[in-house]
Amino acid sequence: MSCVSALIVVRLEAATGHVYVLARFSYRGGDPYAVQVEFLDGANVLARWHFDRQMLAEGLHRPVGEGDVAFRPEKDAGRDELRVHLLARSTDRQEDAVVFVDAGALRGFLHETYAVIAVGEESLDLDRLLEEFLPR
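So, here is what we can say about the structure in this document.

Each value, and the rule that gives it
- Residues numbered from 1 in each chain as written.
- Predicted model: local features only at pLDDT ≥ 70, side-chain atom pairs only at ≥ 80, totals over all residues.
- Heavy atoms only, no water.
- Helix = DSSP H or I, 4+ residues; strand = E, 2+ residues; numbered from the N terminus.
- Contact = heavy atoms within 4.5 Å.
- Core = buried A, V, L, I, M, F, W, Y, C linked by side-chain atoms within 4.5 Å.
- Buried < 20%, exposed > 50% of the residue type's maximum accessible area, 1.4 Å probe, protein only.
- Pairing = 2+ DSSP bridges.
- Phe/Tyr/Trp six-rings, centres within 6.5 Å; stacked < 30°, edge-to-face > 60°.
- Lys NZ or Arg CZ within 6 Å of the ring centre and 35° of its normal.

**Some words on the environment of Val119**
Tracing the sequence through the fold places Val119 in the loop between helix 2 (103-116) and helix 3 (126-133). Not counting residues within four places of it along the chain, the set of residues in contact with Val119 comprises Arg53, Gln54 and Tyr114.

So, in C-alpha cells, the structure goes:
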C-alpha cells in the first residue's frame, strides 16, 4: 500500500501570540479519503486529526467545513495559508485551536497524494471494513 507524508511547520494561534509547531501530514492508499495530521513536540504527538482530503484541497480556494473542523484560505501580508479551525469537545470542556498551514507546502503534499490515488479514483473495500467492525 502506497503512503506519502510531509513535515510542515505550522503556526498555532494562541492567546498570547503564536507558536510554531511541526506537523506530519500522512496519506495512505488504504484510506483514500483521509489525510492524517499529527502535531508534534519532538517525538511526542500533541494531537492527531483526520481530515477529508477533498475538503482540505477545497479549503485552499474557499471556506469549507463546519462543526469540529473548518478550513478557509488566508492571504494577507504576503502570506498564502490555509486557516484550520479545530474544535475539540470532551465531557467537561470545549477547546478551540486555529492553525495556519503554508498553502504552497500543502499543495505540494496534496499533489503527492494524487500520484498515489487520483481524485475520483478513491474507493473503499466495504467487505474488509465490515470484517473489522463486526464481531466474529
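**Here we look at the nonpolar core**
Among the nonpolar cores identified, the biggest contains 29 residues, and Val10, Phe25, Phe39, Phe51, Val101, Leu106 and Phe109 are the most heavily contacted of them. When near neighbours in sequence (up to four residues on either side) are disregarded, Phe25 contacts Val4, Ser5, Ala6, Ile8, Val10, Val35, Gln36, Val37, Val101, Leu106 and Phe109.

**A word on the pairing of strand 1 (residues 3-14)**
Both strand 1 and strand 2 (residues 17-28) contribute to a ladder of 12 bridges, which runs antiparallel. Its bridge partner lying in strand 2, Leu12 is registered against Val19. With antiparallel pairing between neighbouring strands as the criterion, strand 1 and strand 2 make up a hairpin whose turn holds two residues.

**As for the pairing of strand 3 (residues 34-41)**
Across the eight residues of strand 3, six count as buried, placing the element largely inside the fold. Pairing geometry for strand 2 and strand 3, over five bridges, is antiparallel. The residue bridging Arg24 from the neighbouring strand is Glu38, located in strand 3. Between the end of strand 2 and the start of strand 3, which pair antiparallel, lie five residues. The sheet contact formed by strand 3 and strand 4 (residues 44-52) spans eight bridges and is antiparallel. Looking at the pairing, Asp41 lines up with Asn44 of strand 4. Remark: two residues form the turn of the hairpin made by strand 3 and strand 4, two consecutive strands paired antiparallel; Gly42 in that turn has positive phi of roughly 65 degrees.

**Topic: the packing of aromatic side chains**
In total, this model carries three aromatic pairs according to the counting rule given. Plain terms: the ring middles of Phe51 and Phe71 are 5.2 Å apart, the flat faces sit at 90 degrees to each other, and that makes the pair edge-to-face. Of the two residues, Phe51 sits in strand 4 while Phe71 sits in strand 6 (residues 69-76), which places them 20 residues apart along the sequence. Of the two residues examined, Phe51 and Phe71, each falls in the buried class. An aromatic cluster is defined as three or more aromatic residues linked by ring pairs; in this entry it consists of Trp49, Phe51 and Phe71. Directly above the ring of Phe100 sits Arg11, whose terminal nitrogen or CZ lies 4.3 Å from the centroid.

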